[in-house]
Amino acid sequence: MSEAQPEHERPAGMAANLVVALVVVGVGACGAVGSWSLGLGSAAEPAAGTWPFLVSLAISVLGVVLALLARRTRDAERMSSASWAVLAAIASMVGFAAVITAIGFEIPAALLAFVWLRFLGRESWRMSVLGSLGIVVGFYVVFVGLLDVPIPHLF
């Protein structure tokens, strides 16, 4: 580097790039294992796990590509105070996934949307409440009402 860059402008190093790549491969592998347990079916008659398996496989392959490019990648950002918002979003999604089968999707989805709108998106209280309720109603109408998707729901 010809001139020193401030900390927040320097790219992440190779070690950080490799860690991210390994996390991506791990997420893809976990998805593949979970979707395999649902059954893959065949090309003529795909089962519930077919699409999630293919997506998980693609995620794993992309993680391997990231690992192979870890040394040359220069546009990845370093962890900063803004990274906490990403970690909060991931934690809220994990919480959502953990409780959806027990209490249905309506309450967890409304809370997730509210947290994302109000605290991560910094929307007003009114917009956060109305938006989260509208999102849940919209998802309910489309997936439960129109498409008859068998997701856990209260109503």
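Structural data are supplied above this passage.
Here is what the cut-offs are and how they apply
Residues numbered from 1 in each chain as written. Predicted model: local features only at pLDDT ≥ 70, side-chain atom pairs only at ≥ 80, totals over all residues. Heavy atoms only, no water. Core = buried A, V, L, I, M, F, W, Y, C linked by side-chain atoms within 4.5 Å. Buried < 20%, exposed > 50% of the residue type's maximum accessible area, 1.4 Å probe, protein only. Helix = DSSP H or I, 4+ residues; strand = E, 2+ residues; numbered from the N terminus. Contact = heavy atoms within 4.5 Å. Expected span 1.5 Å × (residues − 1).

1. Remarks on the nonpolar core
So, step 1. Counting 8 residues, the largest nonpolar core consists of Phe-96, Ile-100, Phe-105, Ala-109, Ala-110, Leu-112, Val-136 and Val-144.
So, step 2. Contributing elements (two or more residues each) for this core: helix H3 (83-103), helix H4 (106-120) and helix H5 (125-146).
So, step 3. Top element by residues in this core is H4. It accounts for 3 residues.
So, step 4. Once residues lying within four places of it in the same chain are set aside, the contact partners of Ile-100 are Phe-105, Pro-108 and Pro-152.

2. Some details on the environment of Pro-46
So, step 1. By the element assignment, Pro-46 lies in the loop between helix H1 (14-38) and helix H2 (50-68).
So, step 2. The exposure class of Pro-46 is exposed, given its relative accessible area of 52%.
So, step 3. A sequence separation of 77 residues divides Pro-46 from Glu-123, and the C-alpha atoms of the two residues are 41 Å apart.
So, step 4. Look past the residues within four positions of Pro-46 in its chain and what remains in contact with it is Leu-40 and Gly-41.

3. Considering H3
So, step 1. Along its 21 residues, H3 runs 30 Å from first to last C-alpha, staying within 8% of the 30 Å computed at 1.5 Å per residue.
So, step 2. Three or more residues of H3 are buried, namely Ser-83, Ala-89, Ser-92, Phe-96 and Ile-100.
So, step 3. If you follow the buried residues of H3, they end up packed against H4.
So, step 4. In the stretch just after H3, Gly-104 is the one whose phi turns positive, near 90°.

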